[in-house]
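In case you want the letters, here they are:
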Amino acid sequence: VDAASTIKVEEAHRIREAVRVPPQTGRYKIFIIDEVHMLSKQAFNALLKTLEEPPAYAIFIFATTEPHKVLPTILSRVQRFDFRPITVAQIVEHLRGICEKEAIQIDDESLHFIARKAEGALRDALGLLDQIIALCGTDIHHENVLEAFNAIGLELLFELTSCIAEQQTVAGVELVSRVLQQGHDIQEFLMALTEQLRNLLMARDKRNIHAVESSKEVRKKLHEAAQAFTEDDLMRMLHIVHDAQFKVRDAHQPRILLEMTVLKLIKMERTSGLETLLGELQTLRKAIAEGSGALNGAALPASQDGGTGYRSE
């Protein structure tokens, strides 16, 4: 039963009547109600008696993404099982096993791309793999996968990272133009850039590099690229890009907003420069303080009037 489209109390009465009839084949009669939180209060009350004293052959399975909306009287009469997203590493291993059995050649980066795009759902990952096989055949390369989904490639993101590190404004604007000419969505590009900056932040310290869900080669490359920035630099850059994601939705000229965001990242004052400036200010302050102390401690020349400090003409 799809509770999202069938929320009337009559449906609950129909289920209650169907429960009374024993299974004709098999040992159990199973009722699955999807999006159960969409059932009305009256429909829940109609099912309550059946749930309290179900026949031995009847099993109810309630599925929902919002369990907090289910009535407490219902929750108290069921066993609760919370399903959580599958990790990228687990999805990659499962997909790799399938590809080996099916004699499909695919690189690790493509598997990681599929796993990240599935967002923790193995069913979605399998569906994406089917699409890629249909488009690319049994010999799959990462470039083919990116082209199939028109996705932002890591090489493009690393190139932008290099432009930011070397503060190359012209190259950065040209890269933005190339991204748009390739047909990439601006919002999608900003999301990919946010993930890239997050991964740089995690990969900067090898102790946190395990938080980057990618292949060993990409992790190594991220670690090397992250050394051009301080942790504070990456945090500020993340804030700039994250802020642009919200502004681009209402922007009348989203391309200009994207170019301004990239230029902000390139021209942003680096923390190392600020630290150097603060160090110089501290040195100058110390020198002034020492100079003032020397002047205060110096002996004044004796006056010619016997120490009164006043001399008449």
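Please read all numbers here as calculations on a predicted model, not as lab measurements. (Residues numbered from 1 in each chain as written. Predicted model: local features only at pLDDT ≥ 70, side-chain atom pairs only at ≥ 80, totals over all residues. Heavy atoms only, no water.)

Q: I'd love a proper account of the overall build of the chain, names of residues and values included.
A: In terms of helices and strands, the chain carries 14 helices and four strands. Sorting the 313 residues of the chain into buried and exposed places 34% on the buried side. Taking as baseline every contact in the chain between residues at least 6 positions apart, the subset at least 24 positions apart corresponds to 70%. For the chain, the exposed surface amounts to about 20,100 Å²; the carbon and sulfur share of it is 54%. (Helix = DSSP H or I, 4+ residues; strand = E, 2+ residues; numbered from the N terminus. Buried < 20%, exposed > 50% of the residue type's maximum accessible area, 1.4 Å probe, protein only. Contact = heavy atoms within 4.5 Å. Areas by Shrake-Rupley, 256 points an atom, 1.4 Å probe, with all protein chains shown as cover.)

Q: If you had to explain unusual backbone geometry to someone new, which residues and values would you point to?
A: Non-glycine residue Glu35 carries a positive phi angle of around 50°. Here Glu35 lies in the loop between strand 1 (29-34) and helix 2 (41-52). Residue Ala103 is not a glycine yet carries a positive backbone phi of 60°. When you line up the elements, Ala103 lands in the loop between helix 4 (88-101) and strand 3 (105-106).

Q: So what's going on with the environment of Val70? Residues and values would help.
A: Secondary-structure assignment places Val70 in the loop between strand 2 (58-63) and helix 3 (72-75). Sequence separation between Val70 and Lys41 is 29 residues; the distance between their C-alpha atoms is 9.3 Å. Beyond its immediate sequence surroundings of up to four residues, Val70 is in contact with Val36, His37, Phe44, Thr64 and Leu75.

Q: Got a sec to walk through the nonpolar core? Specific residues and values, please.
A: Judged by nonpolar contacts, the single largest core of 39 residues is most densely connected at Phe189 and Met237. Of all the secondary structure elements, the ones that give two or more residues to this core are helix 8 (154-166), helix 9 (169-181), helix 10 (186-203), helix 11 (216-226), helix 12 (231-247) and helix 13 (254-267). Residue contributions to this core peak at nine residues, all from helix 10. Setting aside residues no more than four positions away along its own chain, Met237 makes contact with Ile164, Leu197, Phe229, Leu265 and Met268. Ile91, Ile114, Ala125 and Ile140 belong to the second-largest nonpolar core, a separate cluster that totals 20 residues. (Core = buried A, V, L, I, M, F, W, Y, C linked by side-chain atoms within 4.5 Å.)

Q: Break down the confidence of the model for the chain for me, with residues and values.
A: Per-residue confidence for the chain gives a mean pLDDT of 84, with 89% of residues at or over 70. By mean pLDDT, the top-scoring element of the chain is helix 4 (92), and the lowest-scoring one is helix 14 (residues 271-297) (67). Taken together, the stretch residues 303-313 has pLDDT below 50 and engages in five contacts with residues farther than four places along the chain or on a different chain. (pLDDT = per-residue confidence, 0-100.)

Q: Explain the pairing of strand 2 to me, and be specific about the residues and the numbers.
A: Summarising the sheet, strand 1 and strand 2 pair through six bridges and their orientation is parallel. The residue bridging Phe31 from the neighbouring strand is Phe60, located in strand 2. (Pairing = 2+ DSSP bridges.)

Q: Talk me through the packing of helix 9 against helix 13; I want residue IDs and the actual numbers.
A: Helix-helix packing: each pair is described by the crossing angle between the helix axes and the interaxial distance. At a minimum axis separation of 10 Å, helix 9 and helix 13 run at an interaxial angle of 145°. As helix 9 packs across helix 13, the resulting crossing turns out to be right-handed. Residues Thr169, Gly172, Val173, Val176, Ser177 and Leu180 of helix 9 lie in contact with helix 13, whose contacting residues are Arg255, Leu258, Glu259, Val262, Leu263, Ile266 and Lys267. Of the residues belonging to the contact of helix 9 with helix 13, the class tally is seven nonpolar, three polar and three charged. (Axes fitted to C-alpha atoms, helices over the stretch in contact; angles between N-to-C directions. Left-handed = near helix turned anticlockwise from the far one by under 90°. Nonpolar A, V, L, I, M, F, W, Y, C, P; charged D, E, K, R; others polar.)

Q: Before we move on, could you go through the layout of surface pockets and cite the residues and values that matter?
A: Put simply, the largest pocket is a space of about 1,000 Å³. Around the largest pocket sit 33 residues that line it, and Phe62, Ala63, Thr64, Phe81 and Phe83 are the ones nearest its centre. Listed by contribution, the elements that provide at least two residues to the lining of the largest pocket are strand 2, helix 3 and helix 6 (122-136). A total of six residues in the lining of the largest pocket trace back to one element, the largest contributor, which is strand 2. Along the lines of polarity and charge, the residues of the lining of the largest pocket split into 20 nonpolar, four polar and nine charged. (1 Å grid on protein atoms, 1.4 Å probe; cavity = no way out; pocket = protein on both sides within 12 Å on 5 of 7 lines; lining within 4 Å. Points joined across faces, edges and corners; volume = space filled by probe spheres on them.)

Q: Explain the environment of Glu213 to me, and be specific about the residues and the numbers.
A: For Glu213, the location among the structural elements is in the loop between helix 10 and helix 11. Residues Glu213 and Asn199, spaced 14 residues apart in sequence, show a C-alpha to C-alpha distance of 8.5 Å. Every residue in contact with Glu213, bar those within four places of it in the chain, is listed here: Val88, His112 and Arg116.

Q: So what's going on with the packing of aromatic side chains? Residues and values would help.
A: Going through the model one piece at a time under the given rule, you end up with three aromatic pairs. Plain terms: the ring middles of Phe60 and Phe62 are 6.2 Å apart, the flat faces sit at 55° to each other, and that makes the pair tilted. A relative accessible area of 18% places Phe60 in the buried class. With a relative accessible area of 23%, Phe62 lands in the partly exposed category. Three or more aromatic residues joined by ring pairs form one cluster here, namely Phe31, Phe60 and Phe62. Residue placement shows Lys221 over the ring face of Phe158; its charged tip is 4.7 Å from the ring centre. (Phe/Tyr/Trp six-rings, centres within 6.5 Å; stacked < 30°, edge-to-face > 60°. Lys NZ or Arg CZ within 6 Å of the ring centre and 35° of its normal.)

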